Amino acid sequence: MMTVSDLTIEKNKRAATPLHSLNNLADPETDQEAQAIAKEYRSLVRKFWFAAAISIPVMLVAYPEVPWLYLPNLFVQEASQTLVRWLYVLSGLATLPVMLYSGRQFFTGAWGALKRHSADMNTLIALGTSAAWIYSTIALIIPGIFPEGTATPFYDVTAIVTALVVLGQALEVRAKGQTSQAIRKLLDLQAKTARVLRDGQEVQILAEEVLVGDVVVVRPGEKIPVDGEIIKGYSTVDESLVTGESLPIDKKVGDEVVGATLNTTGTFNFRATKVGKDTALAQIVKMVQDAMGSKAPIARLVDVVSSYFVPAVMIISILTFMVWFNFGPSPALAFAIVTAVTVLIIACPCAVGMAVPMSLVAGVGKGAEHGVLIRNGEALQTASQLKIVVLDKTGTITKGKPELTDTVPAAGFDTETLLHYAASADQPSEHPLAQAIVQGARNRGAQLADPTNFEAVPGHGVETLVAGRKVLVGNAKLMARYSINTAEINGEVERLQGEGKTAMFVAIDGKAAGVVAVADTIKDDSVQAIRVMQEAGIEVIMITGDNERTAQAIARQVGIRRVLAEVLPQDKAQEVHLLKKGGIKVGMVGDGINDAPALAEASVGFAIGTGTDVAIEAADITLMSGSLKGVAYAIEISKATMRNAKQSLAGAFAYNTLGIPVAAGLLFPIFGLLLSPLIAGAAMAASSVTVVTNANRLRFFKAKSFAKAAIN
Amino acid sequence: MDITTIFVNILGLALIALIVWYFWLFRREGVQVAEVAGLQEVTIKVKGGYDPDVIVVKKGKPVRLNFLRQESAMCSEMVIFDKIQKSAKLPEGETVAIEFTPQENGEIPFQCQMGMLRGKVIVAG
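The rules behind these values
- Residues numbered from 1 in each chain as written.
- Chains lettered and ligands numbered in written order.
- Predicted model: local features only at pLDDT ≥ 70, side-chain atom pairs only at ≥ 80, totals over all residues.
- Heavy atoms only, no water.
- Helix = DSSP H or I, 4+ residues; strand = E, 2+ residues; numbered from the N terminus.
- Rg over C-alpha atoms; globule rule 2.2 N^0.38 Å.
- Buried < 20%, exposed > 50% of the residue type's maximum accessible area, 1.4 Å probe, protein only.
- Contact = heavy atoms within 4.5 Å.
- Buried area = accessible area lost by both parts, 1.4 Å probe.
- Salt bridge = Lys/Arg side-chain N within 4 Å of Asp/Glu carboxyl O.
- Polar contact = N/O pair within 3.5 Å; in protein donor to acceptor, adjacent residues only side chain to side chain.
- Axes fitted to C-alpha atoms, helices over the stretch in contact; angles between N-to-C directions.
- Parallel < 35°, antiparallel > 145°, perpendicular 65-115°, else oblique.
- Left-handed = near helix turned anticlockwise from the far one by under 90°.
- Nonpolar A, V, L, I, M, F, W, Y, C, P; charged D, E, K, R; others polar.
- Disulfide = S-S within 2.5 Å.
- Core = buried A, V, L, I, M, F, W, Y, C linked by side-chain atoms within 4.5 Å.
- Pairing = 2+ DSSP bridges.

It is not clear to me how the overall build of chain A should be interpreted in this structure. Could you clarify?
Secondary structure summary: chain A contains 27 helices and 22 strands in total. A globule of 712 residues ought to have a C-alpha radius of gyration of about 27 Å, yet chain A, at 36 Å, is considerably larger. Considering only C-alpha atoms, chain A reaches an extent of 125 × 65 × 45 Å along its principal axes. A total of 712 residues make up chain A; the buried ones form 53% of that total.

Below is the structure:
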């Protein structure tokens, strides 16, 4: 274990780290992955060009029926049997390195799978290309064993199919690299260096060397290196890259700052509270990675299918061969072998297997860009099916902090006087309502006096002396206790309460002086976010411990029709449980601490506005910003992702269920149509590229929840 | 029907039977993991599949599976344990450990992201 003195030594040692290489820093993990992708891509492209180069001459000797494409025609009038045979021998020899170099991974992959009693895409391609090669070679060496007209080699299938599938894989790798860009983008946000105070001196060190407790200095325009709390100075911080919140946020002493966010104009010092893997950004990256590696329930279904897929295709291929061999037109053997090979080549288990995971990776990444962290594929799939969303009122729809909203003086008093006395009287009180009045008065420029003989009367209010005058601030009970006539202002109080506000009487020297009201105000974008959800056909319900009247008042302002009021905190989970009756998917939005049981009970729990505490156990979806827009966005991106996954999945299933019978020659008896194995190879390569490309479309997804906000 | 046709048809049916048996019906013994100092540790080579792919461990003792990917094909770049909600990226040539302590008997399957490569951990008393 490290002692305090060790730590000091460690610190000094680190402070002395030379800074020469700071500019060349990049995150090793992301770099490594990008390099692996680039390396694999380059290798596949090389393999493709090699196969393509061989394919051209091989194809030129394969089609005597197409004179302008037939190589011997260039040299001789009538190619002799011997010349043709030798050209085929050369084709066969040239195709070998295509299989062994360009198609090597198919054979090693197939062998690896075979040893473990399984079969995959590699098995199909290896079988298809090698069957074509072996048949061609036997036909060339001992043509006599085959019936008349069937001993024609078709090495071009081996070469061209290998080239096409390898090209498909190369394109797929490149597209995949784009799909998983989200994590790389997140890691790129990290600050590389930090300025810390060591022995009163500012020293620049690597960001990962900042220790908890270090005082970090942040200048205008610099990135904040780790999470912490401001201890000196103030500034405005742009947190958009981490929280998705577009407006810069004012920060003062005592406020939390998040690593990887951008300081704008001020200079401040903060004490590091979380470093390394504990920072919000590191947790975000981990959560996104975990989610990308999880499974959506819909993918589990696919797993069952894909475990039977490849052997089933092999069986279909054999059956195809047998049907053509027994019942096909002459030359039956040639038709049988070509159709059997085409079936093996056209089948694409990859497209089926990749559909859901690729969309999931793209969707989860897109969410993270907007400060929406989806825990796993199951959360994403369920979020796309939500019918009801329950919003906790305090802190979710509203800011969660009361603010002074109204000051109504009685006859003979003016607003300034009323506010001056009420706020001065409330100054010593720690009650949140009193604090809201004091803060509100200060914001309005009121000068406050220090009260004497302050007394807080629990459940009533406060009584005190301000500049020698007796001031009472409190509810009707307090007024009754001192027999204050409030008849003149009772109407105002009722009106304010009807608006969901907490109204307090103020009396000065035994006379009613007016009313001050505070209310928990609605967050700026709550109305908009709720509307987006309602437009998507989701019923939005508000849940709160407040009384019915206050709750209804807030609900009206944000356009919510159904309110569950006077619900005790411990009963929220039960209410969510009741809503879930009949299998309805219910989302619950609240803070991660008080609402944890309700979040856990909901089909999808959304934890809102969590600052640097990212990994909230009870939450299926964590929203980095405090805005309800995140909920609307989460639902929108989930729907878009599931739609995308289903498109890909349906496409891949349709491709295989149509492609395989056509390849087997189902259209031949009716239309005389037979699919060339070359086209099958191209279709197979294109199908998996299409799946990845479709998933990549999600990167350009535009959400209503954010688009409208930008216009407003 | 001549002798060749009969032979070809019998061969075809035999191949189908072989495929059904080899890929679907065959049940294999798993590799029993040795326990060293309370830890059940095994290295799994990843190359066109998982080797070994059926691993037998004891309940209640920590398990460490060291995955070593020896290929650059993108298919196997991730291993997923859906049942225990774990996953890991497997950079080529690097050993990546997945650790867990199985609490009940049964099977814990693992696979690549696309579900093409598969393996399982069998937890026995």
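We are not done yet, so read on.
Looking at this structure, I do not really get the environment of Ala 425 of chain A. What am I missing?
Residue and element names in this part refer to chain A. Looking at the element boundaries, Ala 425 is found in helix H16 (residues 415-426). Taking the relative accessible area as the measure of exposure, Ala 425 reaches 0% and is therefore buried. Leave out the neighbours within four places in its chain, and Ala 425 touches Pro 451, Phe 454, Val 462, Thr 464, Val 466, Val 471 and Val 473.

I would appreciate a short explanation of the interface of chain B and chain A in the present structure.
When the parts of a complex come together, some accessible area is lost, and that lost area is often taken as the interface size. The interface of chain B with chain A comprises 39 residues on the first partner and 47 residues on the second. In total, about 3800 Å² of surface goes out of reach between chain B and chain A, with carbon and sulfur atoms giving 60% of it. The interface formed by chain B and chain A includes three salt bridges. We note a salt bridge from Asp 51 of chain B to Arg 116 of chain A, for which the minimum N-O separation is 3.9 Å. Linking chain B to chain A there are 13 residue pairs in polar contact (both at pLDDT 80 or more).

What exactly am I supposed to notice about the pattern of salt bridges here?
Side chains that differ in charge, positive against negative, can pair when their charged atoms come close. All names here are of chain A. The final tally for this structure, using the stated rule, is 28 salt bridges over all chains. Asp 595 is the salt-bridge partner of Lys 572, the closest N and O atoms lying 3.2 Å from each other. With a gap of 23 residues between them, Lys 572 in helix H22 (residues 572-579) and Asp 595 in the loop between strand E20 (586-590) and helix H23 (596-601) connect regions that are remote in the sequence. The exposure class of Lys 572 is buried, given its relative accessible area of 9%. Residue Asp 595 is classed as buried on the basis of its relative accessible area of 2%.

I would appreciate a short explanation of the environment of Gly 659 of chain A in the present structure.
Residues and elements named next belong to chain A. Its location among the elements puts Gly 659 in helix H24 (residues 629-664). Classification of Gly 659 by relative accessible area gives buried; the value is 9%. Put simply, Gly 659 and Ala 680 are 21 residues apart on the chain and 8.2 Å apart in space, counted from C-alpha to C-alpha. Leave out the neighbours within four places in its chain, and Gly 659 touches Ile 346 and Ala 654.

What exactly am I supposed to notice about the packing of helix H13 (residues 349-369) of chain A against H24 of chain A here?
Each pair of packed helices gets described by two things: the angle between the helix axes and the distance between those axes. All names here are of chain A. With their axes 8 Å apart at the nearest point, H13 and H24 run at an angle of 165° to one another. Judged by the inter-axis angle, H13 sits roughly antiparallel to H24. Along this stretch, H13 crosses H24, giving a crossing that reads as right-handed. The segment H13 lies against H24, with Ala 351, Val 352, Ala 355, Val 356, Ser 359, Leu 360, Gly 363, Lys 366 and Gly 367 engaging Tyr 633, Ile 637, Thr 641, Asn 644, Ala 645, Ser 648, Leu 649, Ala 652, Phe 653 and Asn 656. Here the residues of the contact of H13 with H24 are counted per class, giving eleven nonpolar, seven polar and one charged.

Which parts of the structure should I look at to understand the state of the cysteines?
Should the sulfur atoms of two cysteines be covalently bonded, the bond is a disulfide. Throughout the structure, instances matching the rule amount to zero disulfides over all chains. Not engaged in a disulfide, the cysteine Cys 348 of chain A finds its nearest cysteine sulfur in Cys 350 of chain A; these two sulfurs lie 5.3 Å apart. Free of any disulfide, Cys 75 of chain B has its nearest neighbouring cysteine sulfur in Cys 350 of chain A, separated by 5.3 Å.

Any chance you could explain the nonpolar core here in plain terms?
Within soluble globular proteins, side chains that are nonpolar tend to cluster in buried spots. Core analysis: the biggest nonpolar cluster contains 175 residues, and Phe 606 of chain A together with Phe 67 and Phe 81 of chain B have the highest contact counts within it. Residues in contact with Phe 67 of chain B, not counting those within four places in the same chain, are Ile 44, Val 46, Tyr 50, Val 79, Phe 81, Leu 90, Glu 94, Thr 95, Val 96, Ile 98 and Phe 110 of chain B.

Just to check I follow, could you spell out the side chain of Asn 263 of chain A for this structure?
Considering the arrangement of structural elements, one finds Asn 263 of chain A in strand E8 (residues 262-263). On the accessibility criterion, Asn 263 of chain A (0% relative accessible area) is buried.

So what exactly am I meant to see when it comes to the sheet that holds strand E15 (residues 469-474) of chain A here?
Strands in a sheet are paired, the pairing made by backbone hydrogen bonds, and the direction either parallel or antiparallel. Residue and element names in this part refer to chain A. The strand order E12-E17-E16-E15-E14-E13 describes an open sheet built from six strands, whose pairing is antiparallel. The sheet terminates laterally at strand E12 (398-409) and strand E13 (452-457), the two strands that pair on one side only. If you compare each strand with its neighbour and ignore which way they point, the axes differ by 20° on average. Where strand E14 (residues 461-466) meets E15, six bridges bridge the pair, whose relative direction is antiparallel. Looking at E15, one finds that Thr 464 is bridged to Val 471. Most of the contacts of helix H17 (residues 432-443) go to E12, to which it runs at about 65°, and overall it touches E12, strand E16 (502-508) and strand E17 (511-522).

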